[in-house]
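Understanding the architecture of this molecule
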Amino acid sequence: MPTDRSEHGRNPACKNSDVELRPAIACLALFVTATGSDGAASSSAVRAELRQLVSQGRLTDLRWPRFSAHRKVVVRFYETADFAPAWVRSSTVTPQGVALIEAFDNAASKGLNPEDYDSGRWSSRLDLLRSGRATERDVARFDLALTVSALRFASDLHSGRANPNESRARFDVGGLNLASWLRSQLVDASDVPAALDSLEPRFEAYRRTEHALTIYRSLLSQGESEPFPSLSKPLKPGDASPALAQLAARLAREGDLPSRSGIETTMYSGALVEAVKHFQTRHGLEPDGIVGRATQRALNVPLRQRVQQIELALERWRWLPHRFSRPPILVNIPEFELRALDETNRAALQMKVIVGQAYGHQTPVFSAWMTHLIFRPYWDVPESIAQRELLPKAAEDPEFLAKNHYETAPVPSGGFRLRQAPGPDNALGGVKFLFPNRYDVYLHGTPSVELFSKSRRDFSHGCIRVEKPDELAAWVLRDKPEWTLDRIREAMNASTPLRVDLDAPVPVFIVYGTAVAGTNGEVRFFDDIYGYDASLARKLAAGRRAWM
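Quick look at the structure, then. What you see is a predicted model; the values in this text were computed from it and never measured. (Residues numbered from 1 in each chain as written. Predicted model: local features only at pLDDT ≥ 70, side-chain atom pairs only at ≥ 80, totals over all residues. Heavy atoms only, no water.)

Below, the discussion takes up the nonpolar core. Counting 87 residues, the largest nonpolar core has Ile329, Met370, Phe375, Phe433, Leu443 and Leu472 as the members making the most contacts within it. Formed by 52 residues, the second largest nonpolar core is a distinct cluster that contains Tyr78, Ala107, Trp122 and Leu178. (Core = buried A, V, L, I, M, F, W, Y, C linked by side-chain atoms within 4.5 Å. Buried < 20%, exposed > 50% of the residue type's maximum accessible area, 1.4 Å probe, protein only.)

What follows concerns the sheet that holds strand β8 (residues 379-380). Here three strands make up an open sheet; going across it, the order is β8-β10-β9 and the pairing antiparallel. Strands with a single pairing partner mark the edges of an open sheet, and in this sheet they are β8 and β9 (406-410). Direction of pairing for β8 relative to strand β10 (residues 416-420): antiparallel, over a ladder of two bridges. In the sheet register, Asp380 faces β10, and the bridge partner there is Arg419. (Pairing = 2+ DSSP bridges. Helix = DSSP H or I, 4+ residues; strand = E, 2+ residues; numbered from the N terminus.)

Now for helix α3 (residues 95-105). In terms of burial, α3 is a largely internal element, 10 of the 11 residues being buried. When we look at burial in α3, the residues that qualify are Pro95, Gln96, Gly97, Val98, Ala99, Leu100, Ile101, Glu102, Ala103 and Phe104. In the core, the buried residues of α3 are packed alongside β2 (92-93), α4 (122-131), α5 (136-159), α6 (178-186) and α7 (192-197). (Contact = heavy atoms within 4.5 Å.)

Within strand β7 (residues 365-375), eight of the 11 residues are buried, which leaves it mostly tucked inside the rest of the structure. Strand direction decides the pairing type here: strand β3 (residues 169-170) and β7, joined by two bridges, are parallel. Its bridge partner being in β7, Ala169 is matched across the sheet by Val365. Pairing between β7 and strand β15 (residues 498-511): nine bridges, direction antiparallel. Residue pairing in the sheet places Phe366 in a bridge with Ile510 of β15.

Our next topic: the pattern of salt bridges. Close approach of charged atoms allows side chains with opposite charge to pair. Inspection of the entire model under this criterion finds 35 salt bridges. Note that Arg141 is salt-bridged to Asp61, the shortest N-O span being 2.4 Å. Here Arg141, found in helix α5, pairs with Asp61, found in the loop between α1 (44-56) and α2 (71-79); they are 80 residues apart in sequence, far enough to count as distant. Residue Arg141 is classed as buried on the basis of its relative accessible area of 14%. Taking the shortest distance from any N to any O, the salt bridge between Asp127 and Arg130 comes out at 2.3 Å. (Salt bridge = Lys/Arg side-chain N within 4 Å of Asp/Glu carboxyl O.)

Before going further, it helps to spend a moment on unusual backbone geometry. The phi angle at Asp82 is positive, at roughly 55°, despite the residue not being glycine. By the element assignment, Asp82 lies in the loop between α2 and β1 (88-89). Residue classification places Asp82 among the partly exposed residues on the basis of a relative accessible area of 43%. In this structure, Phe336 takes a positive phi of about 60° despite not being glycine. Turning to its location among the elements, Phe336 is positioned in the loop between β4 (329-332) and β5 (337-341). The class for Phe336 is buried, based on a relative accessible area of 4%.

Laid out in structure tokens, this is it:
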């Protein structure tokens, strides 16, 4: 933030009181100095106060007073400067401190709660410092409040508010030494917003999701729409309905209906039908243009819930590793889509997938490293599937196993396992993609390609079936020029299995996001099929209470 002043000691940007500015915090440059001269702010009394306050692990000035879980981080942060205040010098707040407070006030744009960083409390604290009546204890309390808030904000931006391992997800974001980062990157930063920006995920989709949040917050600020009326029967093209005007208004709100001019309101037809199809596509529904129960339900989801879905999507993006040696594969469970990224973290390949059933066979949320492929694979039938599904069928039909090419194979621990031989009926199709993990989940092809035409595709026992296994194999093997698409297809239809090891492992992220911002600016929303959004929302609402 600039510290240049006019000849009267005022920031030129603030000399005209009629100019509309940000909240009063923006003009604090009037009072800010970055000088490090000795004074109350750096006195031994302030250092002593800081030592005492930090040792307590609790600061009653804060909305969330308890920081005992992070007390060691705060101690390390202050120890490196012998407990001198970091954000107050000569009884005034540094430009970096002012910029941090502005970032806290704008935290909602990141899907975070500004009150978690004491937004709304900083003006009175700043007034006290400017008044000249601040004691050494006041300075120490202000500095510690800003440090704890900055620590929380940086941590939340970098790796999210919730621990993914406690939210049905297994990810390792990678450690961030917060004490060192605050001291080296923020205390004397020339550009605080840029420093904070460096903490966030590098995914292009993450930035699009941030932009989507801005759009939907703006829509919400205009108020919720009137509920769409319940229809006694599905509304089909050619039908008449008194609800058509409300339907047009609802579709125009989020841009599914580009223009309401010339829209027929006595018969459901034309542009209004196309707008409904567009809305259905954006919400993971069958785009048939029929306003049935599922479409009516989606039409009546309040904007505040859509905003929350986007906020939860941002939270989940922050759980992913921020750096990886090779472009990753991402599978989004509620969207039933796979994307393979390029070096710029944009989608180079996209396809439909089939994921685990919502009841009893949910696909886990985690990350792993793909190490090899197997063309023309055997399917080693899990014991649970063999016992619950296949053996009862075999008991009813003695020819069932032979007709479906199942055979027994010995296992190292003794006994036998059931496996299905390679072939056109094999459940794994022509190739499977292995990334060793605790869940024994992998990507594979499938002979049941007709299921990809469904809008909701949770049909598997947990593994992930891919729509275009040949194209995915070509992407995975793109560093091996000998593996052309033709050769891949030959291997998928060969008579024997073939293992191909990757020269370098490929990161695979199995994620869960019910809001997705597309490259065309549209935002798509999907059902919370596993209930994970509802669970995460409850966890986030309750999480900060432990800091009381």
